[in-house]
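# Chains, contacts and geometry: an overview
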Amino acid sequence: MQAVGATMNAAAAASTFPRSVRRAVPAKVAAQFGNGAVALKAKQAKPTRSARMVSTTATIGAVPATVEGFGANVFKGAVAQKYLAKYGENAKLLDDVTWPQTPAKADAVANAVKDWAVDHGASVYCHWFQPMAAGGVRHGLSGQVQQSMLEFDKDNKPFFKFTGEQLLQGETDGSSYPNGGMRATHTAGGYLSLDPLSPIFLREDTVFIPACFVSYNGDALDEKTPLHRAIQAMSTHGTRLLNLMGYATDGLINNIGLEQEIFLVPRHAFYRRPDLQFTGRTVMGKSPARGQEMSDHYMAPISRSTTAFECMRQIQYECFKMGIPLTTRHREVAPNQYEFAPKFGNCISQTDQNLMIMQVIEEVASENGLAALLQEKPFKGVNGSGKHNNWSLGTNKGINLLNPKQLNADSGNPTIFPVIMAAIVSAIDKHGDLMRCSIASPGNDFRLGAMEAPPAVMSTYLGSDMTKYLMDFMETGTVKEYAPVKKTLTFGADAISNIQVPAEDRNRTSPFPYGGARFEFRAAGSSQNVSMVNTVLNTITAEAFKIVADRMEAGEEPLAIAQDLLKKHSKAGPCTGPPLFSLTLHNLSTNATL
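Quick caveat, the model's predicted, so the values are computed rather than measured.

## A look at the packing of aromatic side chains
For the structure shown, the criterion picks out 20 aromatic pairs. Their ring planes at 80° and their centres at 5.4 Å tell us that Tyr 177 and Phe 213 sit as a pair that is edge-to-face. A residue pair is termed long-range when its members are at least 10 positions apart, and Tyr 177 in the loop between β5 (169–173) and β6 (189–194) and Phe 213 in strand β8 (residues 206–215) qualify at 36 residues. For the pair formed by Tyr 177 and Phe 213, the shared burial category is buried. Ring plane angle 5° and centroid distance 4.9 Å describe the contact between Phe 512 and Phe 519, whose orientation is recorded as stacked. Note on accessibility: Phe 512 and Phe 519 belong to one class, buried. Its guanidinium or amino end placed over the ring of Phe 446, Arg 281 lies 3.8 Å from that ring's centre, counting from NZ or CZ.

Right, dumping it as structure tokens:
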């Protein structure tokens, strides 16, 4: 397949238009590019959200920076406190996942949400869920039925009403979503229940209530319910393991951080490419004269000569209001490729936030004369887009189980860390096929193994220090506190201070490397809902924790179990390039080699 030169070169050409022309691209360019255009109509452009925001964006940088307004459109913390206090409740109520089980508390939250919504110009609500098989075909990767809060008295006078029952549950036709045969037209019930781990938020005139979606028989019809079940299983068996090792814990959580990569291309050029519109890839045409050979795009300035910079600022601003801290923005390696990244957070809420980020990106891009391409490999010959899924486990108190220094300090037991690592290594070796399945899609399979992407074969890379630490433990059974080596890096100039860096170089090849306090699943695709990815990671980890806990309860020593797991599921060997140690994993279904 050939990448399209026209689309990528048009991006450069468009940057030479005056900004006033570029902002009116859909109407202005119709006559110029009408020949062969698809679904491109010249019409009077209506005022866009970007135009409505001009007073805000025009002053960015002209006034002192402020955090005012951050999270104003998400119902939690100080925002929720103001409205819940009216009904005798406190915002801390929302931190207790059992509050929906008490009707009085549910009514108080519903009334507070209603008042908050009305004050912010919202009078519509919906239960917001994640239908199966939505990736690559459904805008926003979500489902919703938007309903008005309006009611009418006997004199037909309208008023706003929102009850606890309306807040907590909903119903829809389960047979009209992908369901794997679990629903039919004569057995079509699909039911929604509020997810207390993901905060309620609003956008435009609508309140979004994150929810889980199941059939009349309780079968999961969405991607979020299996994720909840997987995390609960991981927590149950991980808690068993830690308590058996003398570390009192009442529950575990999964934290993730997602790096979202995208392409932003001129919308008029996108409309001229039906192959790009319908398949997510250019399947004909010539490669551009120059791609990324000069390495001049990565981390380059986000130029104001195109609308990309303003588009990215508006995306950040919309997410900012919904309490989503997109703290990182930069240009990526390929032409017109960019990245956003938020802070680490709870896997459930971070997944929901990422879905909304992708929806905001597509919509704001269209208002700036751009098309946001979320597909993994829209152009041959240049980098594709991924969504690096940084994955870690922690206790309910916030102790990171993959951070040995933090874990040892809190537990006082240095033997816990190698047991945790041995369990995870065994899970990767046994279930590399499931990991591969979780990131498989037509777009991502074009990306994996091409250009910068990790290979399609599943493996993990632990680094030389960690590999040596685990191999020494496996051979001797002696546990020392893991202390990664640092080295001093000098810049060769007296005016520039020396800095401390890890003793080994960064590994960008492995699809699942250990990064010091987390694993980074680099193979996830940019258009994916990562619920499935993390369902798999938490499920295989839960099984590994259960195996260790079961063997301990049967009388085996935890260190002996960890040694046995490492001997069965790993071997040390040199990797290509510098003489580092790596951990080699064998899996018959994936032939995984690390």
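Following the structure, the description resumes.
## Considerations on the side chain of Ser 349
Tracing the sequence through the fold places Ser 349 in helix α14 (residues 347–367). Owing to a relative accessible area of 11%, Ser 349 belongs among the buried residues under this scheme. At a separation of 3.2 Å, a polar atom in the side chain of Ser 349 contacts the main-chain carbonyl oxygen of Asn 346. Residues contacting Ser 349, with those up to four places away along its chain left out, are Leu 197, Ser 198 and Pro 199.

## Remarks on the environment of Ser 123
Mapped onto the secondary structure, Ser 123 falls in the loop between α8 (103–119) and β1 (124–128). Separated by 27 residues in the primary sequence, Ser 123 and Leu 150 have C-alpha atoms spaced 7.4 Å apart. Ignoring anything within four residues of it in the chain, the contact list for Ser 123 reads Gln 147, Ser 148, Met 149, Phe 160 and Asp 205.

## Section: unusual backbone geometry
One non-glycine residue, Asn 156, lies in positive phi territory at about 65°. Mapping Asn 156 onto the fold places it in the loop between β3 (150–152) and β4 (158–160). One non-glycine residue with positive phi stands out, namely Glu 204, at about 55°. Residue position: Glu 204 is located in the loop between β7 (201–203) and β8. With relative accessibility at 44%, the residue Glu 204 sits in the partly exposed group.

## Focus on the pairing of β8
The element β8 is extensively covered by neighbouring structure, given that nine of its 10 residues are classed as buried. Two strands pair when backbone bridges link them, and β1 and β8 are joined in this way by five bridges, in the parallel orientation. Residue pairing in the sheet places Cys 126 in a bridge with Phe 208 of β8. Summarising the sheet, β6 and β8 pair through five bridges and their orientation is antiparallel.

## Here we look at the pairing of strand β14 (residues 387–395)
Among the nine residues of β14, nine are classified as buried, and the element is accordingly described as predominantly covered. With burial as the criterion, each face of β14 is covered, one bearing Lys 387, Asn 389, Trp 391, Leu 393 and Thr 395 and the other bearing His 388, Asn 390, Ser 392 and Gly 394. Pairing analysis gives nine bridges linking strand β9 (residues 252–266) to β14, with the strands arranged antiparallel. Each bridged residue has a counterpart across the sheet, and for Asn 254 the counterpart in β14 is Leu 393. Relative to strand β17 (residues 519–521), β14 is paired through three bridges, and the arrangement is antiparallel. Bridging across to β17, Asn 389 finds its partner in Phe 521.

## Quick word on helix α7 (residues 77–84)
Looking at α7, one finds that the buried residues are Val 79, Ala 80, Tyr 83 and Leu 84. Down the axis of α7, the sector holding all buried residues measures 120°, keeping them to one side. Across from the buried face of α7, at angles greater than 90 degrees, the exposed residues are Ala 78 and Lys 82. Buried residues along α7 sit in contact with α8.

## A few points about the nonpolar core
Ranked by size, the top nonpolar core spans 61 residues in total, and within it Trp 391, Met 421, Met 435, Met 466, Phe 519 and Phe 521 carry the most contacts. At 11 residues, the largest contribution of residues to this core is made by helix α16 (residues 416–430). Sequence-distant contacts of Phe 519, defined by excluding residues within four places in its chain, comprise Asn 389, Asn 390, Trp 391, Leu 402, Met 421, Ile 424, Thr 460, Leu 462, Phe 512, Pro 513 and Tyr 514. Judged by nonpolar contacts, the second largest core, of 32 residues, contains Ala 134, Ile 262, Leu 264 and Met 356.

## Thoughts on the confidence of the model for the protein chain
Taken as a whole, the protein chain shows an average pLDDT of 85; of its residues, 85% reach a score of 70 or greater. Every residue in residues 54–59 is under pLDDT 50, and counting partners more than four places away or in other chains gives four contacts. Predicted confidence is poor over residues 574–594, with pLDDT under 50, and the contacts of this stretch with residues over four places away or in other chains come to 65 contacts.

About the cut-offs
Residues numbered from 1 in each chain as written. Predicted model: local features only at pLDDT ≥ 70, side-chain atom pairs only at ≥ 80, totals over all residues. Heavy atoms only, no water. Phe/Tyr/Trp six-rings, centres within 6.5 Å; stacked < 30°, edge-to-face > 60°. Helix = DSSP H or I, 4+ residues; strand = E, 2+ residues; numbered from the N terminus. Buried < 20%, exposed > 50% of the residue type's maximum accessible area, 1.4 Å probe, protein only. Lys NZ or Arg CZ within 6 Å of the ring centre and 35° of its normal. Polar contact = N/O pair within 3.5 Å; in protein donor to acceptor, adjacent residues only side chain to side chain. Contact = heavy atoms within 4.5 Å. Pairing = 2+ DSSP bridges. Arc of directions from axis to C-beta. Core = buried A, V, L, I, M, F, W, Y, C linked by side-chain atoms within 4.5 Å. pLDDT = per-residue confidence, 0-100.

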